[in-house]
Amino acid sequence: AQTVTQSQPEMSVQEAETVTLSCTYDTSESDYYLFWYKQPPSRQMILVIRQEAYKQQNATENRFSVNFQKAAKSFSLKISDSQLGDAAMYFCAYRSTSHLNSGGSNYKLTFGKGTLLTVNP
Amino acid sequence: DAGITQSPRHKVTETGTPVTLRCHQTENHRYMYWYRQDPGHGLRLIHYSYGVKDTDKGEVSDGYSVSRSKTEDFLLTLESATSSQTSVYFCAISGTGRGYTFGSGTRLTVV
């Protein structure tokens with residue numbers, strides 16, 4: 001079974017600075033998807049960024065980018081020019097790409113325990 | 001969130017009572033999931049469905065059952081609620097593509 005580890009329960013950053021959130025995972029599969037989700041106090045789960053394992057290029061979405069190291073099974077999230085609105089819980093998640101004829105179990109997301117990001121003004 | 005709604009948003013119930021949470025989607029997605037979120041645990045899969053009447057257990061399924069009688073609805077039932085089931089419950093939907101959409105969550109308190 002896949003596991004996802006976020007080793008930083010809490011992180012803090014000064015507004016306008018850069019912060020990196022860590023995520024490692026364990027899998028025997030060669031193709032999969034990785035995600036970072038943001039959960040603000042509103043409780044809504046918001047997709048921040050997605051990476052497909054077969055793509056070597058690191059995904060980027062505006063101020064958010066990832067450092068995907070497939071051999072090391074590492075998937076860190078970098079937030080540049082941090083803003084007060086970035087304060088939230090961040091979850092790293094893994095999803096297989098294989099399909100089973102009998103069901104969708106390999107489409108489930110496996111989450112890390114989360115990193116609470118505080119942004120200081 | 002667009003295309004998926006959960007009800008109720010909040011619920012307080014007594015130990016030993018049955019509770020049903022509802023997830024409704026308008027996206028016609030095949031896959032539906034119930035997760036629970038607890039501090040220090042992230043989100044953990046309770047049950048999921050890969051079609052009408054097709055369901056399977058996740059990693060924390062004890063004490064929960066589910067039903068899916070039509071594509072758009074996925075019900076999560078706590079047959080006899082316990083304090084350990086106090087949590088925030090999320091429903092999610094997924095097509096055969098890469099995306100997931102989450103509901104707004106239900107905060108359940110068992111007293």
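Each remark here, short or long, concerns the structure printed above.
Residues numbered from 1 in each chain as written. Chains lettered and ligands numbered in written order. Predicted model: local features only at pLDDT ≥ 70, side-chain atom pairs only at ≥ 80, totals over all residues. Heavy atoms only, no water.

A word on the sheet that holds strand β1 (residues 4-7) of chain B. Residues and elements named next belong to chain B. Taken in spatial order, the four strands make up an open sheet running β1-β3-β8-β7, and their pairing is antiparallel. Each edge of the open sheet is held by one strand with a lone partner, namely β1 and β7 (64-70). Adjacent strand axes in the sheet meet at a mean angle of 15° when their direction is disregarded. In the sheet, β7 pairs with strand β8 (residues 73-78) via five bridges, with the strands oriented antiparallel. When the sheet's bridge partners are listed, Tyr64 is paired in β8 with Leu78. (Pairing = 2+ DSSP bridges. Helix = DSSP H or I, 4+ residues; strand = E, 2+ residues; numbered from the N terminus. Axes fitted to C-alpha atoms, helices over the stretch in contact; angles between N-to-C directions.)

Residue and element names in this part refer to chain A. Structurally, the position occupied by Ser7 is in the loop between β1 (3-5) and β2 (10-14). Assessed through its relative accessible area of 56%, Ser7 is described here as exposed. Sequence spacing of Ser7 and Leu77 is 70 residues, and the spatial spacing of their C-alpha atoms is 13 Å. (Buried < 20%, exposed > 50% of the residue type's maximum accessible area, 1.4 Å probe, protein only.)

Often the size quoted for an interface is simply the accessible area lost on bringing the parts together. In this assembly, 30 residues from chain B lie in contact with 23 residues from chain A. The interface formed by chain B and chain A includes zero salt bridges. Of all the elements in the fold, those that place two or more residues in the side of chain B that touches chain A are β4 (31-38), β5 (42-51), β9 (87-94), β10 (100-102) and β11 (106-110) of chain B. With five residues, β5 of chain B is the single largest residue contributor to the side of chain B that touches chain A. (Contact = heavy atoms within 4.5 Å. Salt bridge = Lys/Arg side-chain N within 4 Å of Asp/Glu carboxyl O.)

Residue and element names in this part refer to chain B. Mapped onto the elements, Gln85 comes out in the loop between β8 and β9. Given the relative accessible area of 4%, Gln85 is considered buried. Beyond its immediate stretch of four places on either side in the chain, Gln85 contacts Arg36, Asp62, Gly63, Tyr64, Leu78, Ser80, Leu108 and Val110.

Okay, unusual backbone geometry next. All names here are of chain B. Residue Pro8 is reached from Ser7 by a cis peptide bond, and omega for that bond is -5°. Within the secondary structure, Pro8 sits in the loop between β1 and β2 (10-13). In the Ramachandran plot, Asn28 falls in the positive-phi region, its phi being about 60° despite a non-glycine side chain. Structurally, Asn28 is set in the loop between β3 (19-25) and β4. One non-glycine residue with positive phi stands out, namely Lys53, at about 65°. Relative to the elements of secondary structure, Lys53 occurs in the loop between β5 and β6 (54-57).

Attention now goes to the state of the cysteines. This structure, assessed with the given rule, holds two disulfides over all chains. Two residues share a disulfide in this structure: Cys23 of chain A and Cys92 of chain A, whose sulfurs sit 2.0 Å from each other. Here Cys23 of chain A and Cys92 of chain A share a disulfide; its torsion about the S-S bond, -70°, makes the bridge left-handed. Here Cys23 of chain A is found in the loop between β3 (19-21) and β4 (24-26), whereas its partner Cys92 of chain A is found in strand β10 (residues 88-96), with 69 residues between them in sequence. By the burial criterion, Cys23 of chain A is buried, and Cys92 of chain A matches it. Covalently, Cys23 of chain B is tied to Cys91 of chain B through a disulfide, its sulfur atoms 1.9 Å apart. Here the disulfide of Cys23 of chain B and Cys91 of chain B is left-handed, its torsion about the S-S bond being about -75°. Placement of Cys23 of chain B in strand β3 and of Cys91 of chain B in strand β9 is noted, with a sequence separation of 68 residues between them. We note that Cys23 of chain B, like Cys91 of chain B, is buried. (Disulfide = S-S within 2.5 Å.)

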